[in-house]
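Breakdown of the fold
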There are 4 protein chains.
Amino acid sequence: MFNSFGNILKLTTFGESHGVAIGGIIDGFPAGVKVNLEAIQNELDRRRPGQSKIVTQRKEPDQVEFLSGIFEGVTTGASIGFVIKNTNQKSKDYNHNTNVYRPSHADYTYDKKYGTRDHRGGGRTSARETANWVVAGALAKQLISHISINAFTSSVGTIYTETPYSELDFSKTETNDVRCPDEKVAEKMIERIKEIRKEGNTIGGTITCVAQNIPVGLGEPIFHKLHAELGKAMLSINAVKGFEFGSGFAGAEMKGSEHNDIFNADGSTKTNLSGGVQGGISNGMDVYFRVAFKPVATIMQNQPTINSEGDVTEIQGKGRHDPCVVPRAVPIVEALTALVLADFYLLNKTRTI
Amino acid sequence: MFNSFGNILKLTTFGESHGVAIGGIIDGFPAGVKVNLEAIQNELDRRRPGQSKIVTQRKEPDQVEFLSGIFEGVTTGASIGFVIKNTNQKSKDYNHNTNVYRPSHADYTYDKKYGTRDHRGGGRTSARETANWVVAGALAKQLISHISINAFTSSVGTIYTETPYSELDFSKTETNDVRCPDEKVAEKMIERIKEIRKEGNTIGGTITCVAQNIPVGLGEPIFHKLHAELGKAMLSINAVKGFEFGSGFAGAEMKGSEHNDIFNADGSTKTNLSGGVQGGISNGMDVYFRVAFKPVATIMQNQPTINSEGDVTEIQGKGRHDPCVVPRAVPIVEALTALVLADFYLLNKTRTI
Amino acid sequence: MFNSFGNILKLTTFGESHGVAIGGIIDGFPAGVKVNLEAIQNELDRRRPGQSKIVTQRKEPDQVEFLSGIFEGVTTGASIGFVIKNTNQKSKDYNHNTNVYRPSHADYTYDKKYGTRDHRGGGRTSARETANWVVAGALAKQLISHISINAFTSSVGTIYTETPYSELDFSKTETNDVRCPDEKVAEKMIERIKEIRKEGNTIGGTITCVAQNIPVGLGEPIFHKLHAELGKAMLSINAVKGFEFGSGFAGAEMKGSEHNDIFNADGSTKTNLSGGVQGGISNGMDVYFRVAFKPVATIMQNQPTINSEGDVTEIQGKGRHDPCVVPRAVPIVEALTALVLADFYLLNKTRTI
Amino acid sequence: MFNSFGNILKLTTFGESHGVAIGGIIDGFPAGVKVNLEAIQNELDRRRPGQSKIVTQRKEPDQVEFLSGIFEGVTTGASIGFVIKNTNQKSKDYNHNTNVYRPSHADYTYDKKYGTRDHRGGGRTSARETANWVVAGALAKQLISHISINAFTSSVGTIYTETPYSELDFSKTETNDVRCPDEKVAEKMIERIKEIRKEGNTIGGTITCVAQNIPVGLGEPIFHKLHAELGKAMLSINAVKGFEFGSGFAGAEMKGSEHNDIFNADGSTKTNLSGGVQGGISNGMDVYFRVAFKPVATIMQNQPTINSEGDVTEIQGKGRHDPCVVPRAVPIVEALTALVLADFYLLNKTRTI
């Protein structure tokens, strides 16, 4: 249960950043889906380190290899095993930190919980794990190809795009390094990230995600609400501190008469403050939500800290890290969204006779 | 899986607002816990309708009856069944809405998903379900009695308490009807709710929750992160639109050098922007988070809408509803927090030899 | 997880034999099934104590009350809660056994595992729990009404019916008290049980179950094989010591050339030693299996034993118990079979696109 | 859920016999266990093809490679990924069977269920999968090293060992090719298998397994009874047709006065017809059970059959197969027993405060 996500469509993962490989098993994927392997690798490449000047300069090919469950290009209904080999582990970068607890990392909590940890590059705590999620999500997208899922960087630090998503052209998301389809704002964001990197610092940001053409009826209404599973998924991503959907926190300031979404005759609604979900179930309108990422904890500045003996010491900023995690997190947000939707899509087949 | 919450400590529920009874089964509760039934009923009374002038005036005693799993006042390790009878169902209040879809309610999505629904008082979609959660949460609190959990109303509409939680006296939460321990702000909130009710309107708000004295090590680091499960729990509550913990959305504007929590020699941290969680695992600092509630969808004003035949019609505001759901949601937030923490507390026993 | 059975269609139960009530929650039952309540009660009546002279003479009406999930006679897709009140608990019968461990009962293991137990009538260990299973199974039968499920008593002690099931008329199962459709053998079985009861003793037996008209494709091939789930279900019934399907233990003496089921052109097989399952998946042939029940441990004879203090003592045979549990177990076997098949039927909807 | 086994300690697997590799993820394995890799490989070698003259002569090294979760020889609490590469796939052996349904194999049911299948060597249906189980079981054994688990061949065809297990010397199990510690009987069994192989035929058999030094309290009493989980595990092994524990089917012929296990003063019992389990919970006595294996379906004789077009055809006996699967299944039975016991061992930590 610890390393699994989903109910019918279930992803289970393994892997440390500096082990032999990471990977996973996708269980419950239906038979008969023609798999586009290139599209999966393409999603991985969007997440990959070293892809642009504003992300970490580590070079990792992140090549996924499928080991089972796909035969002659089509899923067989068997579990789908895959691995991504770790090829560029510079464990030496981390040797100076063997027993030092990096501030706002998970070194301390892992040590206390498990009594041991693989300290190399964060081990199991590394965001490298999210490459597994991208593989599974890219496959899930092919199962629910009628649904379109678009995430983008909606803020970096205090620089926000103010354009409503409905006025953005999602095809422009991939045209700039920060993955913001609002091109003028994208430039400012990139500038900001470059400044931050020069400071040896990092910065937070937000991602907005929009899922469209969702059939009515996805989501289970009590403890597996569509938005609750999306929220859990997003809060599983490293560095995420908040999730809101539809009107979100702004909705908490509103009156009922302002917030209610009035129906059109066809069941669609004139407004969509609900964010496409009523009572935990999709209503056919766009599902949209926003995810807050804190700044990456690893900074290129020296910081006071302690080690596992409880001695006060200093940690030096070394290694190759992202000044802002948000651009690389865009495909991760999409991948998890696809996993959640595909899971509910399958589950929904069992809810009526 | 649909109506269950938790892993080791698992709550499964049933019940419609106007059926015979609601109830649930608490599975995995360990043997040997002395049960304080009065404390459980007390929590239910905090959630109950009709408890003050600013909540719905429906009168329901909400008396929990335990049917199993407790023998001579002590849990036996067997599953704990309980029911809460529905005694004050005025189904007639809802007869005029049999086939009308109430705006921003789940009538439409239930009908489309299931092809049928119990329309009386929202049926299974009613927030009456949360009484079940309060029972289970109150029991969970007794399992992890060393942890203190305090939720309170932190905003109503645009009225916020600006006092940091560490300066608030939680013993004052129950001294006013809105459940805000910042007494001056509480008065303004109450005033605001009264105005809103006079308008026949409703208003949103936020709840802040703080869990203290949490042992280091709760939470599973990949897909069952402590904060992700808390987020999922909160997003399961009717009307919730957002969840943030620690620095939350504000953290997304910060730099790494500002956001990092520097260690003290004892492993505690000088700041706590992390919200007591590192890598999904509790670090012993306070876990705190904030939950956004939209305004209740049922307003005492007429609204245009459609019915199940797709005819445009008008819905009239009738029935007895809350002008602001937030005060009654405080014990619900605490209950779910207790369930999540107790589940992880049990799970953690299995993580080392 | 402890008190739940099933994956998509999940039954969770509670209740002690001498508590207020037993009951359960059926989750994942699809919407739109018209419920025949009388048929459910009828199944309960088949399991009920006091129904004939060869079963326990306790009188319990075992009236099921549904609390949710069924509206205007049709399932709504919401969880289905139900209770069966305990009306005829003679706890006094058990007072003399408060701290005495009955041989081959679960008193000792419960005490050691949980440090406490509800000693009245076996508490949670009582076979009264199986009434919950019968309710859920009877409902499941209505979901998969195209499949016919027939169990019957195939042996009592050393008295066996030698007639192949295909030559038996299942409509005769209910015409005699022992539930064996082979009428001549049934008479001998009844005679045997009466003798055993006079001795103050008990006796074991076996039940054979046949499920027919099963669609090809039910069962998941690795860890949720159709026959493995059936086996687990049967081994969950109190007093069961063995399970075999198809050729069973006799098959272990055979050669491959004898055991292989040769195909007909339509995909059916000329023989069915496989018991309707190939690789864990139903092949459309009859699924049949046999279940072994040990003799009931409670006998009307005095036995030496120990108490919770470790003192050697004697237990006296008192109370109202079954001389042979097999006749009353027939509807239980059918109920669990229905639950397993209905679960796989729903699951199977998700296995192809 | 389809390819997973266990609750707390959960194994999820993947792999086809003629794909790139098979493998799995072991989740929930506690931190701090020193791993003996050689012991794991040794168990795999016991299951490996080609190990003796009476098993299949395929040569596969079956080398397990661990990819995560073990750091510096100790488990970290992270999920443990592993792979076993397929090195000796002679897919050509199977090309003649591409669309032919082998009698009493799963070709037909897979095709009907999934609409497609990997026909090479049985694909996912191959018993090669059990190598994954042996890896996980060997690791589980190291977690519960205080419990000893010994399985052995108790019959081949109609040749049985009649010696009670308590009089057998388990250290002799590995001294002969058939894995029967009763040496004289072992010789006869080996002779019988050699004859059968010469005939181009196969033969069934049974395995008995004994687990000793089990603590009191393992097992959950309603739907996760210790013996029910063991039964499910055994019935998951390819070719298994039956499971009995303790007195088993013989117990169904007995009287209560004969069957009851009378207590000694220390809580142990004078007899152990219960098979070490009371009410689903271990009582500290030996847990023992017996598993029936049908003869392998692949025989070296021509058989009539049909193909996927429904044409009647003939299948020719080719390939390298086991004349009797039982000797190689001995380590598989032990492995699954270890997984079940280890899972309950961990779960039991959560059942009391």
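Below you will find a few notes about this structure. (Residues numbered from 1 in each chain as written. Chains lettered and ligands numbered in written order. Predicted model: local features only at pLDDT ≥ 70, side-chain atom pairs only at ≥ 80, totals over all residues. Heavy atoms only, no water.)

**As for the overall build of chain A**
A tally of regular secondary structure across chain A gives nine helices and 17 strands. Relative to the compact-globule value of 20 Å for 353 residues, chain A shows a C-alpha radius of gyration of 21 Å, a close match. With the principal axes as the frame, chain A shows a C-alpha extent of 65 × 50 × 40 Å. Residues counted as buried form 70% of the 353 residues belonging to chain A. Summed over all atoms, the accessible surface of chain A reaches about 10,700 Å², with 47% contributed by carbon and sulfur. Distance between charge centroids for chain A: 4 Å, based on 39 positive and 39 negative side chains. (Helix = DSSP H or I, 4+ residues; strand = E, 2+ residues; numbered from the N terminus. Rg over C-alpha atoms; globule rule 2.2 N^0.38 Å. Buried < 20%, exposed > 50% of the residue type's maximum accessible area, 1.4 Å probe, protein only. Areas by Shrake-Rupley, 256 points an atom, 1.4 Å probe, with all protein chains shown as cover. Lys, Arg positive; Asp, Glu negative; His and termini not counted. Charge placed at Lys NZ, Arg CZ, Asp CG, Glu CD.)

**Quick notes on the interface of chain B and chain D**
Taken residue by residue, the interface counts 17 residues in chain B and 17 residues in chain D. Carbon and sulfur atoms supply 58% of the area buried between chain B and chain D, which totals about 1,300 Å² over both sides. It is T350(B), R351(B) and I353(B) that lose the most area in chain B upon contact with chain D, and together they represent 43% of the buried surface on that side. Joining chain B to chain D, the criterion identifies zero salt bridges. Between chain B and chain D we count eight residue pairs in polar contact (both at pLDDT 80 or more) in total. Split by residue class, the side of chain B that touches chain D holds 10 nonpolar, five polar and two charged. (Contact = heavy atoms within 4.5 Å. Buried area = accessible area lost by both parts, 1.4 Å probe. Salt bridge = Lys/Arg side-chain N within 4 Å of Asp/Glu carboxyl O. Polar contact = N/O pair within 3.5 Å; in protein donor to acceptor, adjacent residues only side chain to side chain. Nonpolar A, V, L, I, M, F, W, Y, C, P; charged D, E, K, R; others polar.)

**Considering the sheet that holds strand β11 (residues 205-212) of chain C**
With antiparallel pairing, the 10 strands of this open sheet are ordered in space as β10(C)-β9(C)-β11(C)-β15(C)-β12(C)-β12(D)-β15(D)-β11(D)-β9(D)-β10(D). At either margin of the open sheet sits one strand with a lone partner, and together these are β10 (159-160) of chain C together with β10 (159-160) of chain D. Direction of pairing for strand β9 (residues 148-156) of chain D relative to β10(D): antiparallel, over a ladder of two bridges. Bridge pairing in β10(D) links V156(D) to I159(D). Across the sheet, helix α6 (residues 226-235) of chain C lies against β12 (240-245) and β15 (287-293) of chain C together with β12 (240-245) of chain D, angled at about 160 degrees from β12(C), the strand it touches most. (Pairing = 2+ DSSP bridges. Axes fitted to C-alpha atoms, helices over the stretch in contact; angles between N-to-C directions.)

**Considerations on the relation of the copies chain A and chain B**
For the pair of chain copies, the relating transformation is a rotation about an axis with a translation along it. Superposition record for chain A on chain B: RMSD 0.0 Å, screw rotation 180 degrees, translation along axis 0.0 Å. Read as a symmetry element, the transformation amounts to a two-fold axis. Comparing interface residues between copies, 100% of those in chain A also sit at the interface in chain B, which points to an isologous, same-surface contact. (Least-squares fit on C-alpha atoms with pLDDT ≥ 70 in both.)

**Description of the environment of I262(C)**
Structurally, the position occupied by I262(C) is in the loop between α8 (256-259) and β13 (277-278). Distance in space between the C-alpha atoms of I262(C) and T161(C) is 27 Å, their sequence separation being 101 residues. In this structure, I262(C) is in contact with S268(C), T269(C), K270(C), T271(C), P103(D), Q303(D) and P304(D), ignoring residues within four places of it in sequence.

**Here we look at the relation of the copies chain B and chain D**
Note on the copies: chain B fits chain D at an RMSD of 0.0 Å, the axial shift is 0.0 Å, and the rotation between them is 180 degrees. The residues that chain B uses at the interface reappear at the interface of chain D in 100% of cases, marking a shared surface.

**Concerning the interface of chain A and chain B**
Taken together, the contact between chain A and chain B spans 108 residues of the former and 108 residues of the latter. The interface formed by chain A and chain B contains six salt bridges. Across the pair K113(A) and E220(B) runs a salt bridge whose closest N-O atoms are separated by 3.1 Å. Taken together, the links from chain A to chain B amount to 41 residue pairs in polar contact (both at pLDDT 80 or more). When its residues are assigned to classes, the side of chain A that touches chain B shows 43 nonpolar, 45 polar and 20 charged.

**Points about unusual backbone geometry**
A positive phi is found at A239(B), a non-glycine position, where the angle reads about 80 degrees. The topology assignment puts A239(B) in the loop between α6 (226-235) and β12 (240-245).

**Considering the pattern of salt bridges**
Scanning the model with the defined rule gives 92 salt bridges over all chains in all. A salt bridge links E334(B) to K141(B); its shortest N-O distance comes to 3.0 Å. A residue pair is termed long-range when its members are at least 10 positions apart, and E334(B) in helix α9 (residues 326-348) and K141(B) in helix α4 (residues 130-143) qualify at 193 residues. Judged by relative accessible area, K141(B) falls into the partly exposed class, the value being 22%. Notably, a salt bridge pairs R192(C) with E195(C), separated by 2.9 Å at the nearest N-O pair. Residue R192(C) and its partner E195(C) are both found in helix α5 (residues 183-198); the two are separated by three residues, about one turn of the helix. In this structure, a network of salt bridges that share partners links the residues E43(A), R46(A), K141(A), E174(A), R179(A) and E334(A).

**A few points about the pairing of strand β15 (residues 287-293) of chain A**
Residue and element names in this part refer to chain A. Burial of β15 is extensive: six of the seven residues sit out of reach of the surface. Bridge count between strand β11 (residues 205-212) and β15: seven bridges; the pairing is antiparallel. Residue pairing across strands places C209 opposite F289, the latter belonging to β15.

**Comments concerning a positive patch on the surface**
On the surface, K53(A), K194(A), R197(A) and K198(A) cluster together to form a positively charged patch. Along the chain, the position of K198(A) falls in helix α5 (residues 183-198). (Patch = residues over 30% accessible without salt bridge, like charges linked within 9 Å, V, L, I, M, F, W, Y side chains within 5 Å.)

**Concerning the pairing of β12(B)**
The buried fraction of β12(B) is high, at six of six residues. As paired strands, strand β12 (residues 240-245) of chain A and β12(B) are joined by three bridges and run antiparallel to one another. Bridge pairing in β12(B) links F243(A) to F243(B). With five bridges joining them, β12(B) and strand β15 (residues 287-293) of chain B adopt antiparallel strand pairing. Directly across from E244(B), in β15(B), lies its bridge partner R290(B).

**With respect to helix α1 (residues 37-47) of chain A**
Those residues of α1(A) lying buried are I40(A), Q41(A), E43(A), L44(A), R46(A) and R47(A). Among the residues of α1(A), the N-terminal cap falls to N36(A), whose side-chain oxygen and the backbone nitrogen of E38(A) are separated by 3.1 Å.

**What to know about the sheet that holds strand β9 (residues 148-156) of chain B**
Spatially, β10(A)-β9(A)-β11(A)-β15(A)-β12(A)-β12(B)-β15(B)-β11(B)-β9(B)-β10(B) is the arrangement adopted by the 10 strands of the open sheet, whose pairing is antiparallel. Among the strands making up the open sheet, the edge pair consists of β10 (159-160) of chain A together with β10 (159-160) of chain B. Across the sheet, helix α6 (residues 226-235) of chain A lies against β12 and β15 of chain A together with β12 of chain B, angled at about 160 degrees from β12(A), the strand it touches most. Against the sheet, α6(B) engages β12 of chain A together with β12 and β15 of chain B, with an angle of about 160 degrees to β12(B).

**Examining helix α4 (residues 130-143) of chain C**
Note that an α-helix has 3.6 residues per turn; residues three or four places apart therefore point the same way. Across its 14 residues, α4(C) extends 20 Å between first and last C-alpha, which sits within 8% of the 20 Å expected from 1.5 Å per residue. The element α4(C) is largely enclosed, with a buried count of 13 among its 14 residues. (Expected span 1.5 Å × (residues − 1).)

**Looking at the packing of helix α4 (residues 130-143) of chain A against helix α9 (residues 326-348) of chain A**
All names here are of chain A. In contact at an axis separation of 7 Å, α4 and α9 are set at 50 degrees when each is read in the N-to-C sense. Judged by the inter-axis angle, α4 sits oblique to α9. The handedness of the crossing between α4 and α9 is left-handed. Here α4 contributes T130, W133, V134, A136, G137, A140, K141 and L143 to the contact with α9, which in turn contributes P331, I332, E334, A335, L336, A338, L339, A342, Y345 and L346. Considering only residue class, the contact of α4 with α9 consists of 14 nonpolar, two polar and two charged. (Parallel < 35°, antiparallel > 145°, perpendicular 65-115°, else oblique. Left-handed = near helix turned anticlockwise from the far one by under 90°.)

**Some points on the environment of F249(B)**
By the secondary structure assignment, F249(B) is in helix α7 (residues 248-251). On the basis of relative accessible area, F249(B) is assigned to the buried category, the value being 11%. Residues F249(B) and T153(B) lie 96 residues apart in sequence; the distance between their C-alpha atoms is 19 Å. Dropping the residues within four chain positions of it, F249(B) is found in contact with T206(A), G242(A), F243(A), E244(A), F249(A), R290(A), V291(A), A292(A), F243(B) and E244(B).

**Quick notes on the packing of aromatic side chains**
Under the definition given, this model contains 46 aromatic pairs over all chains. Where Y108(C) meets F263(D), the ring centres are 5.4 Å apart and the plane angle is 55 degrees; that geometry is what we call tilted. You can see Y108(C) sitting in helix α3 (residues 107-114) and its partner F263(D) sitting in the loop between α8 (256-259) and β13 (277-278), one on each of two chains. There is no split in this pair, since Y108(C) and F263(D) are both buried. Plain terms: the ring middles of Y110(D) and Y114(D) are 5.5 Å apart, the flat faces sit at 55 degrees to each other, and that makes the pair tilted. Remark: Y114(D) and Y110(D) occur in helix α3 (residues 107-114); sequence separation between them is four residues, near one turn of the helix. Side by side, Y110(D) and Y114(D) carry an identical accessibility label, which is buried. Three or more aromatic residues link up through ring pairs in this structure, and these residues are F5(A), W133(A) and F223(B). When the ring centre of F2(A) is taken as origin, the NZ or CZ atom of R351(B), which lies over that ring, is 4.1 Å away. (Phe/Tyr/Trp six-rings, centres within 6.5 Å; stacked < 30°, edge-to-face > 60°. Lys NZ or Arg CZ within 6 Å of the ring centre and 35° of its normal.)

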